[in-house]
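# Tertiary structure, described
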Amino acid sequence: MAKTRRLITENLSAVDIVIELLDARIPGSSRNPEIISLTSGKPLLTLLNKSSLADPALTKRWIEAYRSAGSHALAIDCVTGEGLNNIGPTVRQILSDKLRRYEEKGMSGRKLRAMMVGIPNVGKSSLVNRLSGGKKARVEDRPGVTMTKQWVPTKSGIDLLDMPGVLWPKFDDRRIGENLAVTGAIKDDILDTETLAGILCQRLMETAPDAFCTRYKLVKDNLTGLLPHELLEAVAKKRGFLLSGGELDTERAAAIVLDEFRAAKIGRITLEAPEAAQTETE
């Protein structure tokens, strides 16, 4: 990802503001710690995307946490359109002093420019397309689709510079890597999906046990103390996923759990709270 870091640094002087996209289900884990240092000196607007998939109460707490720290943050969703109309006015509010100076110099018609940054598969290209009113950027439900920068005009009069997604080279916290994997920021074909799904089952038992048990018709008291792979086996058994000879088909169960979590069929779930993320950072 050295190329993306270089692109960010080289193009920073050409923009007025940086728009950072995070995954509302994992706002702490989906924030690349290098972004802040790479874009230092530029105003920053943080957008919690995919909010329709996340717990609304926790999303509200994340927004409040950012604002309490003096940052600008909005909850949005590129699929439902939630919050998209607030982006333009918020950018202009953040840049109000600069816009006033432009007016004083007779440059009131000058377009604002924003750089869009974030990890792979967080929805940058989808947001570009929604704001531009057309299919300006290639979109697929997998990481690593945007490979180079591109300028895109939007209906709100803000030109967007869409950058490739950038992951940091090493995760200091194993939990961060797991969160990125279960939400699809890391390609599934380089991971063991059964191990990953087991971890997700364990995480769901920690954060949303009632939703998890309801979806797979499990009894919560019977799951106490089970290991990740045992939780996945419980899902496979309850769904009747069997191979020849009666062996549990945990591979099929793993695919189901991951797909249903990512589609919010288990429920609107956020895997981390702002207080926990702050503690891990410290």
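Scroll up to find the structure.
Quick summary incoming for the structure in this document.

## A look at the overall build of the protein
Helices and strands together make up the secondary structure of the protein, namely 12 helices and six strands. The principal-axis extents of the C-alpha atoms in the protein amount to approximately 75 × 35 × 35 Å. Looking at the protein as a whole, 49% of its 282 residues qualify as buried. In the protein, the share of contacts with a sequence separation of at least 24, taken over all contacts with a separation of at least 6, comes to 68%. Accessible surface for the protein amounts to roughly 14,000 Å². Of this, 49% is attributable to carbon and sulfur atoms.

## Quick notes on the pattern of salt bridges
Under the defined criterion, the tally for this structure stands at 15 salt bridges. Notably, a salt bridge pairs E178 with R203, separated by 2.6 Å at the nearest N-O pair. Here E178 is found in helix α7 (residues 174–183), whereas its partner R203 is found in helix α8 (residues 193–207), with 25 residues between them in sequence. On the basis of relative accessibility, which here comes to 9%, the residue E178 falls in the buried class. The exposure class assigned to R203 is buried, which follows from its relative accessible area of 4%. Residue R203 is joined to E206 by a salt bridge in which the shortest nitrogen-to-oxygen separation is 3.9 Å. Pair noted here: R203 and E206 are both in helix α8, with a separation of three residues, about one helical turn. Note on E206: relative accessible area 46%, which makes it partly exposed. Salt bridges sharing partners connect three or more residues here, namely R174, R175, E178, R203 and E206.

## A short note on the side chain of T154
Along the polypeptide, T154 turns up in the loop between β5 (150–153) and β6 (158–162). We classify T154 as buried; its relative accessible area is 10%. A distance of 3.0 Å separates the side chain of T154 from the side chain of S156, its partner in a polar contact. In this structure T154 touches L131, S132, D159 and L160, once residues within four positions along its chain are discounted.

## Description of the nonpolar core
In summary, soluble globular proteins display a tendency toward joint burial of nonpolar side chains. Grouped together as the largest cluster of nonpolar side chains are 59 residues, with contacts concentrated most on I19, L47, I87, V91, L127 and F212. Tallying contributions element by element places α8 first for this core, with six residues. In contact with F212, other than residues within four places in its own chain, are C201, L204, M205, L218, L223, V235 and I266. Counting 12 residues, the second-largest nonpolar core is a separate cluster that includes I8, L12, V15 and I35.

## Some remarks on the pairing of strand β3 (residues 72–75)
Strand direction decides the pairing type here: strand β2 (residues 44–49) and β3, joined by four bridges, are parallel. For L48, the partnering residue across the bridge sits in β3 and is A75. Of the crossover connections in this fold, the one passing from β2 over helix α3 (residues 56–68) to the parallel β3 is right-handed.

Calculation notes
Residues numbered from 1 in each chain as written. Predicted model: local features only at pLDDT ≥ 70, side-chain atom pairs only at ≥ 80, totals over all residues. Heavy atoms only, no water. Helix = DSSP H or I, 4+ residues; strand = E, 2+ residues; numbered from the N terminus. Buried < 20%, exposed > 50% of the residue type's maximum accessible area, 1.4 Å probe, protein only. Contact = heavy atoms within 4.5 Å. Areas by Shrake-Rupley, 256 points an atom, 1.4 Å probe, with all protein chains shown as cover. Salt bridge = Lys/Arg side-chain N within 4 Å of Asp/Glu carboxyl O. Polar contact = N/O pair within 3.5 Å; in protein donor to acceptor, adjacent residues only side chain to side chain. Core = buried A, V, L, I, M, F, W, Y, C linked by side-chain atoms within 4.5 Å. Pairing = 2+ DSSP bridges. Right-handed = clockwise from strand over helix to strand, strands pointing away.

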